[in-house]
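# Breakdown of the fold
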Amino acid sequence: MEKLNDYGYFEFILKNLREINEKQADNIRKAAEIMADAIAQDRLINVYAGGGHTTLCVGEMFFRAGGLANINPIMETGLSVFNQAKKYLELERTVNYGRSIMKYYHLQKGDVLIIFHNIGINPATIDAAKEAYDNGVRIIAVSSGKWQSEIPADHFIRHPSGKNLFDFAEICIDDYNPVGDAVVNVPGLDAAVGPVSNIADFYIAHELEIATVQECLRRGLTPPVWNSANVPGGDEKNRAYLEKYDGRIKML
């Protein structure tokens, strides 16, 4: 069977994942130690994304077969792709909007927060990160160093402070997303196609969970992990976690 002519998209994705796997392994392990600390202390692991398609990473980690049951999604519909596109684009560029979201969830000193935003410079990301940072929250950031370093300092989508997401994080995990996100140039079209950021970020999200499970078991802890609710016995196995986190996780 003839292979797809995808102009190198498949190979770029593999190269991107290998780069993450080789260069970010230590950061993923360090982040997993922080996440295991949260489990040991019976804290939630909070997950936020600063707008657009990065919000899908929040959903990918929440209530997912094989995922951690103590994930608390800080999911703001206004910033997500389930809002009207023009509206969420404006909201993710609105100063103090991210701060308001974070204040609602009232994270405390020592709580753990994972922030996804492959661009890592917009107001909804920076304000949320600063609010959490000022409250002593332990921040794990997943973003692109390329976007943060290559976008001009005076570009209008930047937060007025000029800060980057990595400026606030205890652990910075680079997804190596290229500026523009899409990586495929098809002859005859002047716009690139084939975005890659979510593939990389979903991979990082699950590697974080795998490494956290490993770290918990190394410490003699039983990590809380969801079973698939769609297999025989799944609901029964999940019942204890549903009871444990009901009322604590707002989206359950």
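What this report covers is the structure whose coordinates are included nearby. (Residues numbered from 1 in each chain as written. Predicted model: local features only at pLDDT ≥ 70, side-chain atom pairs only at ≥ 80, totals over all residues. Heavy atoms only, no water.)

## As for the sheet that holds strand β3 (residues 112–116)
Heads up, the condition is: A pair of strands is treated as paired once DSSP finds two or more bridges between them. Working definition: helices are DSSP H or I runs of at least four residues, strands are E runs of at least two. Numbering for both runs from the N terminus. What counts as an axis is a line fitted to C-alpha atoms, over the stretch in contact for a helix, and the angles between N-to-C directions run from 0 to 180 degrees.
The strand order across the open sheet built from 5 strands is β2-β1-β3-β4-β5, with neighbouring strands paired in parallel fashion. Looking at strand neighbours, the two that pair on one side only are β2 (71–74) and β5 (171–174), the edges of this open sheet. For this sheet, the mean inter-axis angle between neighbouring strands, taken without regard to orientation, is 20°. Sheet topology places strand β1 (residues 45–49) next to β2; 4 bridges connect them, and they run parallel. By the bridge assignment for β2, N46 is matched with N72.

## Here we look at helix α8 (residues 197–218)
Going by this rule: What a helix should span is 1.5 Å times the count of its residues minus one. Each residue is assigned to one of three classes by its accessible area relative to the maximum for its type, calculated with a 1.4 Å probe on protein chains only: buried under 20%, partly exposed between the two thresholds, exposed over 50%.
A rise of 1.5 Å per residue sets the reference length of α8, with its 22 residues, at 32 Å; its end C-alpha atoms lie 31 Å apart and thus fit the reference within 8%. If you check which residues of α8 are buried, you get S197, N198, A200, D201, I204, A205, L208, E209, A211, T212, E215 and C216. Residue G220 follows α8 closely and has a positive phi angle near 85°.

## Quick notes on the side chain of D174
Operational definition: In this charge count, Lys and Arg are treated as positive and Asp and Glu as negative; neither His nor the chain ends contribute. Take a side-chain nitrogen of Lys or Arg and a carboxyl oxygen of Asp or Glu: if they are within 4 Å of each other, that pair is a salt bridge. Polar contact criterion, stated in full: a pair of N or O atoms within 3.5 Å, where within protein one must be able to donate a hydrogen and the other to accept it, and residues adjacent in sequence count only if both atoms are side-chain atoms. We call two residues contacting when some pair of their heavy atoms lies within 4.5 Å.
Secondary-structure assignment places D174 in strand β5. With no salt bridge to any partner, buried D174 finds its closest opposite charge in K146, at an N-O distance of 7.2 Å. Among the polar contacts listed, one links the side chain of D174 to the backbone nitrogen of Y176, at a separation of 2.7 Å. Apart from residues no more than four positions distant in its own chain, D174 is found in contact with I20, Q24, S143, S144, G145, F166 and I204.

## Some details on the nonpolar core
Basically, it comes down to this: We define a nonpolar core as any set of buried Ala, Val, Leu, Ile, Met, Phe, Trp, Tyr and Cys residues linked to one another through side-chain atoms lying within 4.5 Å.
In this structure, I45, I114, F116, I140, I173 and L208 are the most contacted members of the largest nonpolar core, which totals 38 residues. Those elements that provide at least two residues to this core are α2 (25–40), β1, α3 (55–61), β3, β4 (138–143), β5, α8 and α9 (234–245). Per element, the largest residue contribution to this core is 8 residues, and it comes from α2. Residues contacting F116, with those up to four places away along its chain left out, are V47, Y48, A49, G50, T54, C57, M61, V142, D201 and A205. M102, Y105, L165 and F168 belong to the second largest nonpolar core, which has 22 residues in total.

## A short note on helix α5 (residues 97–105)
Worth spelling out the cut-off: Note that the arc is defined by the directions from the helix axis to the C-beta atoms.
Taken together, the buried positions of α5 are occupied by Y97, G98, I101, M102 and Y105. All buried residues of α5 lie within an arc of 135° about the axis, which places them on one face of the element. Once α5 ends, the next one or two residues include H106, with phi positive near 55°.

## Considerations on the pattern of salt bridges
Scanning the entire structure with this criterion turns up 13 salt bridges. A salt bridge links R64 to E60; the nearest nitrogen and oxygen atoms lie 3.3 Å apart. Since its relative accessible area comes to 36%, R64 is described here as partly exposed. Measuring nitrogen to oxygen at the nearest pair gives 2.8 Å for the salt bridge that ties E215 to R219. On the basis of relative accessible area, R219 is assigned to the partly exposed category, the value being 32%.

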